[in-house]
Amino acid sequence: MKLKFTAIASLTIVAASTLILGSCTADADSSGLEFMPDMYRSPAIEPYVDYGEIRGRENKAVKMKLSAFTPPSYTIPYYGTDSSKVMMMLPYHRKAMLPFRETHGMYGVDLSANDEYLASAVDVNPFKLTATNSEEIFKAGKTLFASNCAHCHGDAGDGNGPMVASGAYAGVPNYKNLTITEGQMFYSIYYGKGAMGSHSSILNKKEIWTLVHYVKKFQNAEYGKFDANGAVAVPASID
Ligand code: HEC
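Residues numbered from 1 in each chain as written. Predicted model: local features only at pLDDT ≥ 70, side-chain atom pairs only at ≥ 80, totals over all residues. Heavy atoms only, no water.

Draft legend 1. Molecular detail of the packing of helix α6 (residues 134-148) against helix α10 (residues 205-219). Between α6 and α10, the shortest axis-to-axis distance is 8 Å and the interhelical angle comes to 95 degrees. Looking at the two axes, α6 sits roughly perpendicular to α10. Between α6 and α10, the contacting residues are Ile137, Phe138, Ala140, Gly141, Lys142, Leu144 and Phe145 on the first element and Glu207, Thr210, Leu211, His213, Tyr214, Lys217 and Phe218 on the second. By residue class, the composition of the contact of α6 with α10 is eight nonpolar, three polar and three charged. (Axes fitted to C-alpha atoms, helices over the stretch in contact; angles between N-to-C directions. Helix = DSSP H or I, 4+ residues; strand = E, 2+ residues; numbered from the N terminus. Parallel < 35°, antiparallel > 145°, perpendicular 65-115°, else oblique. Contact = heavy atoms within 4.5 Å. Nonpolar A, V, L, I, M, F, W, Y, C, P; charged D, E, K, R; others polar.)

Draft legend 2. Seen up close, the coordination of the iron atom of the ligand. Donor atoms from the polypeptide that coordinate the iron atom of the ligand comprise His153 (NE2) and Met196 (SD), at 2.0 to 2.1 Å from the metal. Given six donor atoms and angles of 85 to 179 degrees at the metal, the environment of the iron atom of the ligand is assigned as octahedral. Separated by 43 residues along the polypeptide, histidine 153 in helix α7 (residues 150-153) and methionine 196 in the loop between α9 (182-191) and α10 bring together distant segments of the chain. By relative accessible area, which is 10% here, histidine 153 ends up buried. On the basis of relative accessible area, methionine 196 is assigned to the partly exposed category, the value being 23%. (Donors = N, O, S within 2.8 Å, 3.2 Å for Na, K, Ca; no water. Tetrahedral: all angles 85-135°; square planar, octahedral: opposite > 155°, others 65-115°. Buried < 20%, exposed > 50% of the residue type's maximum accessible area, 1.4 Å probe, protein only.)

Draft legend 3. Structural context of the domain arrangement of the protein. Here the protein is partitioned into domain 1 (34-69) and domain 2 (83-219). Between the C-alpha centres of domain 1 and domain 2 there is a distance of 39 Å. (Domains from an automatic or database assignment.)

Draft legend 4. Geometry of the pattern of salt bridges. Going through the model one piece at a time under the given rule, you end up with five salt bridges. One salt bridge in this structure joins lysine 60 and glutamate 58, with 3.6 Å as the shortest N-O distance. Judged by its relative accessible area of 68%, lysine 60 is exposed. Taking the relative accessible area as the measure of exposure, glutamate 58 reaches 47% and is therefore partly exposed. Two residues, aspartate 123 and arginine 94, come together in a salt bridge whose shortest N-O distance is 2.8 Å. Residue aspartate 123 is found in the loop between α5 (116-119) and α6, and its partner arginine 94 is found in the loop between α3 (83-89) and β3 (96-97); the two are separated by 29 residues along the sequence. (Salt bridge = Lys/Arg side-chain N within 4 Å of Asp/Glu carboxyl O.)

Draft legend 5. Just the site of the ligand, in detail. Around the ligand, 23 residues are found, and the nearest of them are Tyr117, Cys149, Cys152, His153 and Met196. In this structure, tyrosine 117 approaches the ligand through a side-chain N or O atom, which is 2.4 Å from an oxygen atom. With respect to the ligand, the side chain of histidine 153 contributes an N or O atom lying 2.7 Å from a nitrogen atom. Sorting the residues of the shell around the ligand by element identifies α7 and α9 as the ones contributing at least two each. Of the residues in the shell around the ligand, the class split is 15 nonpolar, seven polar and one charged. (Near = heavy atom within 4 Å. Polar contact = N/O pair within 3.5 Å; in protein donor to acceptor, adjacent residues only side chain to side chain.)

Draft legend 6. Seen up close, the environment of glycine 224. Tracing the backbone through its elements, the reader meets glycine 224 in the segment after α10. Relative accessible area serves as the criterion here: at 9%, glycine 224 is assigned to the buried category. Distance from glycine 224 to lysine 128, taken between C-alpha atoms, is 9.8 Å for residues 96 residues apart in sequence.

Draft legend 7. Main features of the nonpolar core. In terms of nonpolar packing, the biggest core is built from 32 residues, with Phe100, Phe145, Phe186, Tyr187 and Tyr191 touching the most fellow members. If you list the elements that add at least two residues to this core, you get β3, α6, α9 and α10. The leading source of residues in this core is α10, at seven residues. Ignoring sequence-local partners within four residues, the contact set of tyrosine 187 consists of Tyr92, Arg94, Lys95, Ala96, Met97, Phe100, Glu116, Tyr117, Ser120 and Gly192. (Core = buried A, V, L, I, M, F, W, Y, C linked by side-chain atoms within 4.5 Å.)

Draft legend 8. Looking closely at the packing of aromatic side chains. With the rule as written, the count across this model stands at 17 aromatic pairs. Taken together, a centroid distance of 4.8 Å and an interplanar angle of 85 degrees make the contact between tyrosine 190 and tyrosine 191 edge-to-face. By the burial criterion, tyrosine 190 is buried, and tyrosine 191 matches it. One aromatic cluster in this structure is built from Tyr92, Phe100, Tyr117, Phe186, Tyr187, Tyr190, Tyr191 and Trp209. The ring of phenylalanine 138 has lysine 217 lying over it, and the distance from NZ or CZ to the ring centre is 4.8 Å. (Phe/Tyr/Trp six-rings, centres within 6.5 Å; stacked < 30°, edge-to-face > 60°. Lys NZ or Arg CZ within 6 Å of the ring centre and 35° of its normal.)

Draft legend 9. Main features of a nonpolar patch on the surface. Nonpolar side chains collect at one region of the surface, where Leu19, Ile20, Leu33, Phe35, Met36, Met39 and Tyr40 lie side by side and expose about 810 Å² of accessible area between them. Put simply, the parts of the chain that give the nonpolar patch at least two residues each are α1 (2-22) and α2 (37-40). Within the fold, leucine 33 resides in the loop between α1 and α2. (Patch = residues over 30% accessible without salt bridge, like charges linked within 9 Å, V, L, I, M, F, W, Y side chains within 5 Å. Areas by Shrake-Rupley, 256 points an atom, 1.4 Å probe, with all protein chains shown as cover.)

Shown next, in the form of structure tokens:
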């Protein structure tokens with residue numbers, strides 16, 4: 001009986017030692033032999049990992065390809081059940097113009113041979129200012145402007161942001177000198193114009209229309225002010 005126990009105990013010790021010592025390697029930086037690597041390093045598809053190479057095994061079919069697929073064209077983000085907000089999220093009805101393919105890298109989008117910029121002059125801001133929401137809209141505009149536009153356009157909208165002041169960049173207009181309509185402002189912010197790039201991939205339509213209000217506020221400090229009765233103190237449109 002004792003002999004049997006000793007034999008089992010010895011065998012267990014030998015087996016455990018083989019397993020434990022077997023995972024050791026001479027390299028101090030190596031984690032040693034891993035018995036269940038999938039438990040430590042998940043092979044789940046992660047958006048920004050190149051799965052063309054997993055643990056030294058190369059898979060040419062997926063190498064250098066995006067593992068995070070972009071949504072199909074014209075996908076509309078879920079925006080609750082408020083129809084005015086949903087409308088704002090529908091794809092922009094104006095197309096980029098043909099030269100934009102080379103000048104602004106517009107690939108994979110519908111392009112038009114017509115002067116869409118000129119046509120956009122009649123578009124009006126669907127995000128209406130009211131006595132109750134204007135303060136909130138300008139506040140949101142200020143935040144968006146600070147992180148997306150001020151480095152070129154300047155905190156005062158005069159075209160003298162740090163990029164321009166440093167001498168690295170030029171040609172940024174003072175908003176006060178613009179004679180374009182709000183529809184054209186939207187078009188230029190959305191697709192880009194001249195040395196300004198497209199913002200369609202980083203800002204949604206509601207954010208751009210918010211910025212259009214904010215740009216118009218630079219042009220006229222009275223823009224979006226309402227009197228005590230909630231009536232517009234100055235015409236909402238100064239185009
Ligand atoms: C990299 C610098 C840069 C950034 C960032 C930038 N702009 Fe511009 N913006 C310019 C330049 C340069 C022009 C002049 C383009 C032209 O007329 O050729 C311009 C022009 C404009 C115009 C006038 C467009 C027209 O049709 O004449 C508006 C409005 C405008 N920008 C708003 C914005 C807003 C809002 C943002 C932030 C989302 C922004 N810009 C971000 C450089 C920039």
